[in-house]
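Chain by chain, the residues:
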Amino acid sequence: MTDRRLLLVHAHPDDETIVTGATMAKYAAEGARVTLVTCTLGEEGEVIPAGLAHLAADREDALGAHRAGELQGACAALGVRDHRFLGGPGRYRDSGMMGAATNDRPGCFWRADVEAAALRLAEVIRAVRPDVMVTYDDNGGYGHPDHIQAHRVALRAFDRAAERTLPGAPWSVRKLYAIAHPFSVLTESVRRLRAAPGPFTAPETIADITPGVPDSAVTTRIDASAHWAAKAMALRAHATQVAVEGGLFALSNGIAQEIDAVERFTLLRGRIGRRGADGIETDLFA
C-alpha cells in the first residue's frame, strides 16, 4: 500500500535508528511514505571513537554538522527519503542530559516554547498529512530532557494540526504512538547479555539499558525481523555515538545492547486496530 504515511518525531540523530529503525525500514520497503523529524543536531553527544574526538571539542557546530551527516547515512540505510530538522537545522540545540548546565543554555530544546515548536511541527504534519505519528512517552523513554520535550511537542502538534483556527488546511492524524520497552523483553535481553556481552560491558539490570514499561502498557508490536540488517547498517552510520559488534551495540557507556528488529509501542491517541491472538496489534496503520 503506497498511500500510507508515517511521521516519527525524534530528539537527536541516532534515536530514530536505535528505537524505531526496523519499523521505519519495514514500512519504507513496503512503499509507505516515512517522514522523520529530528528536533536537534545532537551537539552535546559523547563521541566514542578516539579518531573523532576532535569533534567534541568544538561544541558550536562541528559535532552537530557531523551527526547530521551520520543521520543522512542512516536514513539511506533505512530507505527513508524524507528527513527534516524541526524549524530547520540548528533551530533547537541539544540540551544535554537532565541536570546538566546545558539545560539552561539559550536556544536549547528543553527551554523551547512548546506552543511555538508544536506549531512548527504542525506545519510539517499539514504538509506531509501522516496517518500515524510516533514519538516518546511522557518520560522520554529514559528521562532525557529533549526526549520529554519531543513528547510534549508531538502531543500538542497532534492536536494543533487539526484545528481550523490556524491558517492552512487542517489535518487530523489518526493515531499517535509512544515507543515502549516492556519489562519482560528487557529482562530476557539482560539475561542473554550477561552471559555473552561480546566486547562490551554486560548490563546488571534492565535499568542499565532503559527503565522500561510494564508489559501491559504495550499495545502494538512490529515484527520487522526481515529488516534487521538495515537497522544494523543504520546503527553503524552513527559512528560517533554507537559502537556495533555483530548483533550487539553499545553507546558511550559501553554497556551491551541487542540489535532488536521487533519494536514495540503504546497507543497514546486514536483507536487500536485489529489485534492478534495475544491481544497485541501488529500494524501501526491497522
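Residues numbered from 1 in each chain as written. Predicted model: local features only at pLDDT ≥ 70, side-chain atom pairs only at ≥ 80, totals over all residues. Heavy atoms only, no water.

(A) Structural context of the overall build of the chain. Secondary structure summary: the chain contains seven helices and ten strands in total. Since a compact globule built from 286 residues should have a radius of gyration of about 19 Å, the 18 Å found for the chain is in line with a globular shape. Along the longest, intermediate and shortest principal axes, the C-alpha atoms of the chain span 55 × 50 × 30 Å. Sorting the 286 residues of the chain into buried and exposed places 52% on the buried side. Sequence separation of 24 or more characterises 77% of the internal contacts of the chain that already satisfy a separation of 6 or more. With an accessible surface of roughly 12,100 Å², the chain has 53% of that area assigned to carbon and sulfur atoms. (Helix = DSSP H or I, 4+ residues; strand = E, 2+ residues; numbered from the N terminus. Rg over C-alpha atoms; globule rule 2.2 N^0.38 Å. Buried < 20%, exposed > 50% of the residue type's maximum accessible area, 1.4 Å probe, protein only. Contact = heavy atoms within 4.5 Å. Areas by Shrake-Rupley, 256 points an atom, 1.4 Å probe, with all protein chains shown as cover.)

(B) How the structure looks around the packing of helix α1 (residues 15-29) against helix α7 (residues 228-237). One can describe the packing of α1 onto α7 by two numbers: an axis separation of 8 Å at closest approach and a directional angle of 140 degrees. Judged by the angle between their axes, α1 and α7 are oblique. In this structure, α1 crosses over α7, and the sense of that crossing is right-handed. Between α1 and α7, the contacting residues are Thr17, Ile18, Gly21, Ala22 and Ala25 on the first element and Ala230, Lys231, Ala234 and Leu235 on the second. (Axes fitted to C-alpha atoms, helices over the stretch in contact; angles between N-to-C directions. Parallel < 35°, antiparallel > 145°, perpendicular 65-115°, else oblique. Left-handed = near helix turned anticlockwise from the far one by under 90°.)

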